[in-house]
Amino acid sequence: MEKSTGTQHKINLKHNSMALLGDRTYFKGIGQIAYEGRESDNPLAYKYYNPEHVVAGKTMRQHFKFAMAYWHTLCGTGGDPFGPGTKKFPWAQATDPFRAAEEKADAAFEFLTKIGFDYYCFHDFDLIDEADTLAQSEKRIQKIVAYLKQKQEASGVKLLWGTSNCFSNPRYMNGAATNPNFDVVARAGAQVKIALDATMELNGENYVFWGGREGYMSLLNTNMKLEQDNMGRFLNMAKDYARGQGFKGTFFIEPKPMEPTKHQYDFDAATSINTIREYGLQDDFKLNIEVNHATLAQHTFQHELQVAANAGMLGSIDANRGDYQNGWDTDQFPNNVYEVTEAMLVLLKAGGLQGGGINFDAKTRRNSTDLEDIFLAHIGGADTFAKALLAADAVLRSSAYEDLLEKRYASFKEGPGANFVAGKLSFSDLYTYAQQHGEPDQISGKQELFENILNQYT
Ligand code: XLS
Ligand code: NI
Ligand code: NI
C-alpha cells in the first residue's frame, strides 16, 4: 500500500473534503500507517508502536488489541452544549439510512485497515440510525450487520465488543434497566437482545454494559433498592440469553460515577465489583476501565486497574484522558506517558487484560476538523501506550523497583509476619508480640525514589 508523507497527504486532503457521494474512499491521501521509529519526522507514522515488537513475551499487537470506537471516530461531529458539530464527514451526507450506514462502514474499515488496528467497538445505533419502531430498527441492524460481516471477512478486522445505546433516546430519560416504569425496562431488554444478537453474529469477543442513565438525578423520587435489584435481574437475564445462544465472550461493566446522571450506580471499579458479586455475575462479568471515568470518580486510572486486577476482573480498557482543570468527561486521546507507564506496570503485573483490549474511547477536539486529525490522534494514543509499555517493562526488568517493593513488605515473608499472613496468629498473639518488641522502627516509604525510577525509564 501507498506510504504517506507529510506533504503528500496535505494536498490530497483538500480533495477529500470534497469527496463525492458514492466515492467510497474517504481518506484519500493517507496510506498504510507504518512503524518508522522514534527518529522519523513523518507525522503519519508510528514512532513507538511496532505491532510485531515483543515485550514481556507478547507482541505489542497482542498486549493492546487496539480498537477504534465507532461513535467518536465515525459519528461524533463535534457538537457541544454551545454549538453544533463542526465536522462535515464525507461519509455522513447520504439521507437514506442504509446508504449512510454503508458509507460509514466503508469509512470505518478504510480507517481501521490504514491505521493497522485489529478491532473496533460499537453501540447498536452508531451503526445505523434508529427507526420509528422496534421492528424496523431490528431490520436495519440486521442489514448493516450483514454488510459489516463481509467487511470483517475481507479485512480480517474483528469486533472487540458491542453494546447498546440505552441512554440517548428520550424514552430512557429515567433510566433503562433501572427505569421506574416496567414498559421501559422491557423495551431496553428488547434493544439489548438485538444488540447481543448483532454482537454474536459478528463474532464479538465481549459485550459491554455502560449504564449511562442507570442512576438517579434526585434520591427524593428514587427507590434505589428496587432499581438496583432490577438492574441485577436485567444483567442476569441478558447473560442467560447470550449464553443460551452460545456466546462464549466476556461481559464487561464499565464504571462511571456521574454524567449524564448525578449519581450512577456503577460508580467506580470497587462499586461495580460489588454489583457483580451481589447479583451472582462473577463467573461471567469483568470490568472495562475508562481513564476519564476513573478521574471523574476522584481516582487515578492505575488505581481503578489495580482494584479490578485484585478481584481478577481486569477485562478491558477504554483509553482516553480527562483535563486537569475541567471536570467533565472530555474524552481526549491519551498523551501522558508517565501516567500511562504507571498503568502499564499494573497491567504487566496482572498478566494483561482478560478478554478485552485497548479501545480508544476518545475524540478529536471540536476544532480539529481535518480528516487527517483522526489519524494523528490514534497514532498519538497508540504511541503513548507503546512507549509506556516499553518503559514499564524496563522498570520491571532492569531497575531496583521490584526489589524495593519486595523489601518494603519483607516482614511478612518470614517469622511472625509470615505466620500472620498464613492466618496462624490470634489477636492475643499480636498483643504479646507488641508487648515484647516495643516501639516499631521508623521505615521510610521512599516515594520519591519510586517516582524517580519511573521518570528514569519513561
Ligand atoms: C461514556 C462511555 C461510553 C461507553 C459505551 O462515557 O464511555 O462511551 O464506553 O457505552
Ligand atoms: Ni466515557
Ligand atoms: Ni467508554
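Worth saying up front: this structure is predicted, and the values here are computed from it rather than measured.

Visitor: Give me the confidence of the model for the chain: which residues, what numbers.
Guide: Model confidence for the chain is summarised by a mean pLDDT of 95, while 95% of its residues fall at 70 or above. Low confidence marks residues 1–22, where pLDDT is under 50. Its contacts with residues over four positions away, or in another chain, come to 43 contacts.

Visitor: I'd like a rundown of empty space enclosed by the protein, residues and numbers included.
Guide: Taken as a whole and judged by the stated rule, the model has five cavities of 30 Å³ or more. By volume, the largest cavity is sized at about 210 Å³. As for the largest cavity, its lining consists of 20 residues, of which Phe209, Trp210, Gly211, Glu214 and Phe234 are closest to the centre. Of all the elements in the fold, those that place two or more residues in the lining of the largest cavity are strand E8 (206–209) and helix H8 (224–244).

Visitor: Account for the coordination of the nickel ion (ligand 3), naming residues and giving values.
Guide: Octahedral metals with six donors have ideal donor angles of 90 or 180 degrees. Tetrahedral metals with four donors have an ideal donor angle of 109.5 degrees. On the protein side, the nickel ion (ligand 3) has Glu254 (OE), Glu290 (OE), Asp318 (OD) and Asp361 (OD) as donor atoms, found 1.9 to 2.2 Å from it. Angles of 81 to 175 degrees at the metal separate the six donor atoms of the nickel ion (ligand 3), which places the site in the octahedral class. Written as a sequence motif, the donor residues of the nickel ion (ligand 3) are E-x35-E-x27-D-x42-D.

Visitor: Can you tell me about the pairing of E8, naming the residues and giving the values?
Guide: Remark: a regular strand shows side chains that alternate across the two faces of the sheet. What you see with E8 is no split at all: Asn206 and Val208 on one side and Tyr207 and Phe209 on the other are buried throughout. Handedness of the crossover joining strand E7 (residues 158–163) and E8 through helix H7 (residues 182–201) is recorded here as right-handed. Here E8 runs beside strand E10 (residues 250–253); their pairing, made up of four bridges, is parallel. Bridge pairing in E10 links Val208 to Phe252.

Visitor: I'd like to hear about the sheet that holds E8, residue by residue, with values.
Guide: As summarised here, the arrangement of the eight strands in space is E5-E6-E7-E8-E10-E12-E13-E14, forming a closed barrel in which the pairing is parallel. If you compare each strand with its neighbour and ignore which way they point, the axes differ by 30 degrees on average. For strand E13 (residues 314–319) and strand E14 (residues 358–360), the ladder comprises three bridges, and the chain directions are parallel. Note that in E14 the partner of Ile317 across the bridge is Ile358. Packing against the sheet, H8 makes contact with E8, E10 and strand E12 (285–290), and its axis sits at approximately 160 degrees to E10.

Visitor: So what about the site of ligand 1? Which residues, and what values?
Guide: Around ligand 1, a shell composed of Trp71, His123, Trp161, Trp210, Glu254, Lys256, Glu290, His293, Asp318, Asp329 and Asp361 is seen. Within the side chain of Glu290, a nitrogen or oxygen atom sits 2.7 Å from an oxygen atom of ligand 1. Against a free-state accessible area of 290 Å², the protein chains account for coverage of 93% of ligand 1. In a pocket analysis with a 2 Å cut-off to the grid points, ligand 1 is assigned to the largest pocket. Here the residues of the shell around ligand 1 sort into three nonpolar, two polar and six charged.

Visitor: So what's going on with the coordination of the nickel ion (ligand 2)? Residues and values would help.
Guide: Only Glu290 (OE), His293 (NE2) and Asp329 (OD) from the protein coordinate the nickel ion (ligand 2), and they sit 2.1 to 2.7 Å from it. All donors of the nickel ion (ligand 2) belong to a single chain; written as a sequence motif, their spacing is E-x2-H-x35-D. A gap of 3.8 Å separates the nickel ion (ligand 2) and the nickel ion (ligand 3), which Glu290 links by coordinating each metal. Placement of His293 in helix H10 (residues 291–296) and of Asp329 in the loop between E13 and helix H12 (337–349) is noted, with a sequence separation of 36 residues between them. His293 sits in the buried class, given a relative accessible area of 4%.

Visitor: Can you lay out the side chain of Asn165 for me, pointing to particular residues and giving the numbers?
Guide: Secondary-structure assignment places Asn165 in the loop between E7 and H7. Residue class for Asn165 comes out buried when judged on its relative accessible area of 13%. In this structure the side chain of Asn165 is engaged in a polar contact, spanning 2.9 Å, whose partner is the side chain of Ser168.

Visitor: I'd like a rundown of the pattern of salt bridges, residues and numbers included.
Guide: Counted according to the given criterion, the structure contains 19 salt bridges. Across the salt bridge formed by Glu52 and Arg61, the nearest N and O atoms sit 3.0 Å from each other. Classification of Glu52 as partly exposed rests on a relative accessible area of 48%. The class of Arg61 is partly exposed, set by a relative accessible area of 29%. Its salt-bridge partner being Lys349, residue Glu402 comes within 2.7 Å of it at the nearest N-O pair. Remark: Lys349 occurs in helix H12 and Glu402 occurs in helix H14 (residues 401–408); sequence separation between them is 53 residues. With a relative accessible area of 44%, Lys349 lands in the partly exposed category. Shared partners join several salt bridges into a network, and the residues in it are Arg24, Arg99, Glu103, Asp106 and Lys151.

Visitor: I'd love a proper account of the layout of surface pockets, names of residues and values included.
Guide: Roughly 1,400 Å³ of internal volume is contained in the largest pocket. Residue lining of the largest pocket: 49 residues in total, with Trp71, His72, Asp329, Asp331 and Lys363 positioned closest to the centre. Looking at the lining of the largest pocket, the elements with two or more residues in it are helix H3 (70–75), helix H5 (124–127), E7 and helix H13 (371–398). Ranked by the residues each element gives to the lining of the largest pocket, the list is headed by H3, at four residues. Taken together, the residues of the lining of the largest pocket break down into 15 nonpolar, 17 polar and 17 charged.

Visitor: Give a description of the environment of Leu148 that names residues and reports values.
Guide: Mapped onto the secondary structure, Leu148 falls in helix H6 (residues 134–155). In this structure, the C-alpha to C-alpha distance between Leu148 and Asp124, residues 24 residues apart in sequence, is 12 Å. Beyond its immediate stretch of four places on either side in the chain, Leu148 contacts Tyr70, Ala105, Phe109, Tyr120, Leu127 and Leu202.

Conventions we followed
- Residues numbered from 1 in each chain as written.
- Chains lettered and ligands numbered in written order.
- Predicted model: local features only at pLDDT ≥ 70, side-chain atom pairs only at ≥ 80, totals over all residues.
- Heavy atoms only, no water.
- pLDDT = per-residue confidence, 0-100.
- Contact = heavy atoms within 4.5 Å.
- 1 Å grid on protein atoms, 1.4 Å probe; cavity = no way out; pocket = protein on both sides within 12 Å on 5 of 7 lines; lining within 4 Å.
- Points joined across faces, edges and corners; volume = space filled by probe spheres on them.
- Helix = DSSP H or I, 4+ residues; strand = E, 2+ residues; numbered from the N terminus.
- Donors = N, O, S within 2.8 Å, 3.2 Å for Na, K, Ca; no water.
- Tetrahedral: all angles 85-135°; square planar, octahedral: opposite > 155°, others 65-115°.
- Buried < 20%, exposed > 50% of the residue type's maximum accessible area, 1.4 Å probe, protein only.
- Right-handed = clockwise from strand over helix to strand, strands pointing away.
- Pairing = 2+ DSSP bridges.
- Axes fitted to C-alpha atoms, helices over the stretch in contact; angles between N-to-C directions.
- Near = heavy atom within 4 Å.
- Polar contact = N/O pair within 3.5 Å; in protein donor to acceptor, adjacent residues only side chain to side chain.
- Areas by Shrake-Rupley, 256 points an atom, 1.4 Å probe, with all protein chains shown as cover.
- Sits in = over half its atoms within 2 Å of the grid points.
- Nonpolar A, V, L, I, M, F, W, Y, C, P; charged D, E, K, R; others polar.
- Salt bridge = Lys/Arg side-chain N within 4 Å of Asp/Glu carboxyl O.

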